[in-house]
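Observations on the three-dimensional arrangement
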Amino acid sequence: MVDVETLSKGSPRLVAGGITKNTQLCLSLSGRPGNTGTRFHNYLYDALGLDYVYKAFTTDDITAAIAGVRGLQIRGAAISMPWKSDVIALVDEMDPSATVIESVNTIVNTDGHLKAYNTDYLAIVSLLRSNGVDTGLETIVLGAGGMAKATVAALRDEGFTRVTVVARNEVTGTALAQKYGFAWAAEADGLRPGLVINCTPVGMEGGPEAADIPVEDAVLQAASVVFDVVPRPTWTPMLRRAQELGKTVINGAEVMSLQALEQFVLYTGIRPEDELVRRATQFSHEG
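First things first, this report covers the structure right here in the doc. Worth saying up front: this structure is predicted, and the values here are computed from it rather than measured.

Some remarks on the side chain of Q263
Residue placement: Q263 occurs in helix 10 (residues 252-268). Discounting chain neighbours no more than four positions away, the residues touching Q263 are H41, A78, N105, T106 and T119.

Okay, here's the thing in structure tokens:
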């Protein structure tokens with residue numbers, strides 16, 4: 001097992017005996033792959049002496065990619081935008097966490113049987129609770145994709161009732177809002193919520209809107225809590241502005257860490273101690 005202090009200095013992964021035919025592979029599939037999840041999972045594998053390795057990928061053929069997960073006996077796959085709904089038709093079984101939300105962020109392969117889960121939901125619930133977010137706040141959720149589905153479900157289950165789904169696509173936006181008894185709006189202009197949650201790619205590192213904020217400044221000024229699920233950078237333009245305004249902020253790096261921990265447990269059957277998870281999270285954000 002590699003010494004944790006050595007790992008924290010950025011040394012390469014050095015499992016005793018190296019990678020062999022018995023090493024289990026886990027991967028992530030993302031439209032914009034990064035290093036955060038890779039560093040998080042591999043740190044824990046090394047620290048716990050597990051014969052696993054984790055690698056990030058992208059693809060232009062999600063059907064072929066999932067067929068590869070099955071055919072190559074890849075143990076687990078994290079699914080990110082834009083395929084969280086597309087993979088539903090490609091798996092054998094849906095866990096209730098994914099069925100209710102109709103969105104997948106994790107696939108576990110057991111002898112060729114692919115079961116889908118959604119650990120984003122668990123992360124959102126945890127962060128709403130740990131930050132003591134008032135369930136009475138008027139809330140807007142920006143977006144209607146996979147992460148928005150997990151977020152809206154979490155809000156409903158935590159007791160939020162004054163929620164508006166803000167999405168330009170009226171079909172998907174209204175469908176998501178109506179499923180949970182919430183409202184829909186095409187734009188956030190004119191709304192003055194107490195809680196703003198961004199579930200769009202606006203502000204994401206490497207994207208065409210990396211420098212943008214998804215709402216007008218008056219929306220942020222009215223809010224008391226601003227939550228951005230974008231994982232990179234930790235401080236998106238929206239969160240930087242919210243911090244300047246003195247708002248309570250919740251960042252996507254926290255979402256990533258919590259949902260990745262649940263993925264790790266699903267892949268390995270092991271739940272690491274909190275201190276080790278803290279160090280893995282810190283390491284993942286350094287690269």
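Examining the nonpolar core
Membership of the largest hydrophobic core comes to 34 residues, with the highest contact counts inside it found for I124, V133, L155, L195 and F227. Breaking this core down by element, the ones donating at least two residues are helix 5 (120-130), helix 6 (146-158), strand 8 (163-166), helix 7 (170-179), strand 10 (195-198) and strand 11 (225-228). For this core, the leading source of residues is helix 6, giving seven residues. In this structure I124 touches M147, T151, A154, F227, V229 and V255, once residues within four positions along its chain are discounted. By size, the runner-up hydrophobic cluster in this structure holds 22 residues, among which are L50, Y117, Y267 and F283.

Regarding helix 11 (residues 274-284)
An α-helix turns once per 3.6 residues; consequently, residues spaced three or four apart project the same way. Along helix 11, the positions that sit buried rather than exposed are L276, V277, A280, T281, F283 and S284. The buried residues of helix 11 all sit within an arc of 165° when viewed along its axis, so they share a single face.

Regarding the sheet that holds strand 10
Here we have six strands laid out as an open sheet, ordered 9-8-7-10-11-12, and parallel in their pairing. Edge positions in the open sheet fall to strand 9 (183-185) and strand 12 (248-250), since each of these has one partner strand only. Direction aside, neighbouring strands of the sheet carry axes that sit 20° apart on average. Bridging between strand 7 (residues 139-142) and strand 8 involves four bridges; their strand directions are parallel. By the bridge assignment, I140 is partnered in strand 8 with T164. Taken strand by strand, helix 6 contacts strand 7, strand 8 and strand 10, and its axis lies near 160° from that of strand 7.

A short note on the packing of helix 2 (residues 36-47) against helix 11
In contact at an axis separation of 8 Å, helix 2 and helix 11 are set at 140° when each is read in the N-to-C sense. Here helix 2 lies oblique to helix 11, going by the angle between them. For the crossing formed where helix 2 meets helix 11, the hand is right-handed. Contacts from T36, R39, F40, Y43, L44 and A47 in helix 2 reach L276, V277, R279, A280, T281, F283 and S284 in helix 11.

A few points about the pairing of strand 3 (residues 76-79)
The alternating pattern of strand 3 places G76 and A78 on one face and A77 and I79 on the opposite face, and all of these are buried. Inspection of the sheet shows strand 1 (residues 24-29) paired to strand 3 by four bridges, in the parallel sense. Residue pairing across strands places S28 opposite A78, the latter belonging to strand 3. Note that strand 3 and strand 5 (residues 106-110) share three bridges and pair antiparallel.

Notes on the sheet that holds strand 3
On the basis of which strands lie adjacent, the open sheet formed by six strands has the order 2-1-3-5-6-4 and mixed pairing. A single partner strand is all that each edge strand has here, and the edge strands are strand 2 (52-57) and strand 4 (93-94). Two elements, strand 5 and strand 6 (residues 113-117), share five bridges in a ladder whose sense is antiparallel. Across the sheet, V108 pairs through a bridge with K115, a residue of strand 6. Of the strands in this sheet, strand 1 and strand 2 are in contact with helix 2, which crosses strand 2 at around 175°. Along the sheet, helix 10 makes contact with strand 1, strand 2, strand 3, strand 5 and strand 6, crossing strand 5 at roughly 10°.

Parameters at a glance
- Residues numbered from 1 in each chain as written.
- Predicted model: local features only at pLDDT ≥ 70, side-chain atom pairs only at ≥ 80, totals over all residues.
- Heavy atoms only, no water.
- Helix = DSSP H or I, 4+ residues; strand = E, 2+ residues; numbered from the N terminus.
- Contact = heavy atoms within 4.5 Å.
- Core = buried A, V, L, I, M, F, W, Y, C linked by side-chain atoms within 4.5 Å.
- Buried < 20%, exposed > 50% of the residue type's maximum accessible area, 1.4 Å probe, protein only.
- Arc of directions from axis to C-beta.
- Pairing = 2+ DSSP bridges.
- Axes fitted to C-alpha atoms, helices over the stretch in contact; angles between N-to-C directions.
- Parallel < 35°, antiparallel > 145°, perpendicular 65-115°, else oblique.
- Left-handed = near helix turned anticlockwise from the far one by under 90°.

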